[in-house]
Amino acid sequence: MKIVRSPVEMKKLSMTMQRSGSSVGLVPTMGALHKGHISLLDRINDTCDFSVMSIFVNPVQFGPKEDFQKYPRPFDADCELAEKAGCDVIFAPSKEDMYPENYCTYVNVEDITDGLCGASRPGHFRGVTTVVLKFFNIVMPQIACFGQKDAQQVLVIKRMVHDLNMSVTIDVAPIFREESGLAMSSRNVYLSDAERVAAPLIYKGLTDAVTQYNNGVIKTDTLINVVTTVIGQSPLLEIEYVELVDTLKIKPVTSVTSAALIAVACRTKESRTRLIDNIVIGGTL
Ligand code: PAF
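Remember, predicted model here, so these are calculated numbers, not experimental data.

### Quick word on the overall build of the protein chain
Here is step 1 of the chain: Of regular secondary structure, the protein chain possesses 10 helices and nine strands.
Here is step 2 of the chain: Here the protein chain has a C-alpha radius of gyration of 19 Å; the compact-globule value for 285 residues is 19 Å, and the two agree.
Here is step 3 of the chain: Dimensions of the protein chain along its principal axes, counting C-alpha atoms only, are 55 × 40 × 40 Å.
Here is step 4 of the chain: In the protein chain, which comprises 285 residues, the proportion classed as buried is 55%.
Here is step 5 of the chain: Counting contacts in the protein chain only where the partners sit at least 6 residues apart, residues at least 24 apart contribute 72% of the total.
Here is step 6 of the chain: Approximately 13300 Å² of the protein chain is accessible, and the part contributed by carbon and sulfur atoms is 51%.

### A closer look at the site of the ligand
Here is step 1 of the chain: With respect to spatial proximity, the complete set of residues near the ligand consists of Pro28, Thr29, Met30, Asn58, Gln61, Val128, Val131, Val132, Phe146, Asp150 and Gln153.
Here is step 2 of the chain: Measuring from an oxygen atom of the ligand, one finds a side-chain N or O atom of Gln61 at 2.6 Å.
Here is step 3 of the chain: Compared with its free state, where it exposes 290 Å², the ligand has 89% of that area covered by protein.
Here is step 4 of the chain: The set of elements that each furnish at least two residues to the shell around the ligand consists of β2 (24-29) and α6 (124-139).
Here is step 5 of the chain: Per element, the largest residue contribution to the shell around the ligand is three residues, and it comes from α6.
Here is step 6 of the chain: Of the residues contributing to the shell around the ligand, the split by class is six nonpolar, four polar and one charged.

Rules used in this analysis
Residues numbered from 1 in each chain as written. Predicted model: local features only at pLDDT ≥ 70, side-chain atom pairs only at ≥ 80, totals over all residues. Heavy atoms only, no water. Helix = DSSP H or I, 4+ residues; strand = E, 2+ residues; numbered from the N terminus. Rg over C-alpha atoms; globule rule 2.2 N^0.38 Å. Buried < 20%, exposed > 50% of the residue type's maximum accessible area, 1.4 Å probe, protein only. Contact = heavy atoms within 4.5 Å. Areas by Shrake-Rupley, 256 points an atom, 1.4 Å probe, with all protein chains shown as cover. Near = heavy atom within 4 Å. Polar contact = N/O pair within 3.5 Å; in protein donor to acceptor, adjacent residues only side chain to side chain. Nonpolar A, V, L, I, M, F, W, Y, C, P; charged D, E, K, R; others polar.

Shown next, in the form of structure tokens:
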């Protein structure tokens, strides 16, 4: 496995691969790899000749009060995991190479970034789409894989690709869960023991709502109530939002008549860890 730091070198390597007829797949990450990330790499290795995983903790998607400084960066362990999983290249550029002095170009997907996580993390998606577009331009992948856990991110990136006539295919991988049901996240390392016990209630709430939906309940209020009641069983989980939105405009709907996303964000009381999770009903993302 090769580790490439320079965007210019990465682009050259990708061009060489493509000229020799190899398809290139990309898994963009911020590192602190877990099994969820590896499942994305597996999908790329199944469909592409050459796999690139980017590792870059992107400063422009963090708010001033967020965890950019303390975000885990176990780079050597990440490289070991990625290599074992069959990754061909780790692309890990520096902040200075990605955002040199006088950098002033950003990509903003409007409207669908206003709700859910966009409401509490202003500027977050602008940072995500900017860095993802840069990675697409540097790596030029045929396929890029993202996890469904960040459902709004997936929908925003898909919209950017569509609106800007880009040719990369976005592959969406199912949420990878711990045995408890807790969605895997690099931020789970922040959780206290008690919070780890409480956190699976989020998924339980979502699956209880799906059971209700499968039993014929389509009213949003009822389905949201199921989720909030289950999460409310633990005093360690503060709900930021539980919303049921359509998957096109990401706007609340009053009942489920087509593909809809039940999305949750919570903050834990002790470590103040932000946890998100979701489930899609009546269709796919
Ligand atoms: O999902 C993430 O880890 C990040 O938002 C991404 C897509 C790598 C962009 O920095």
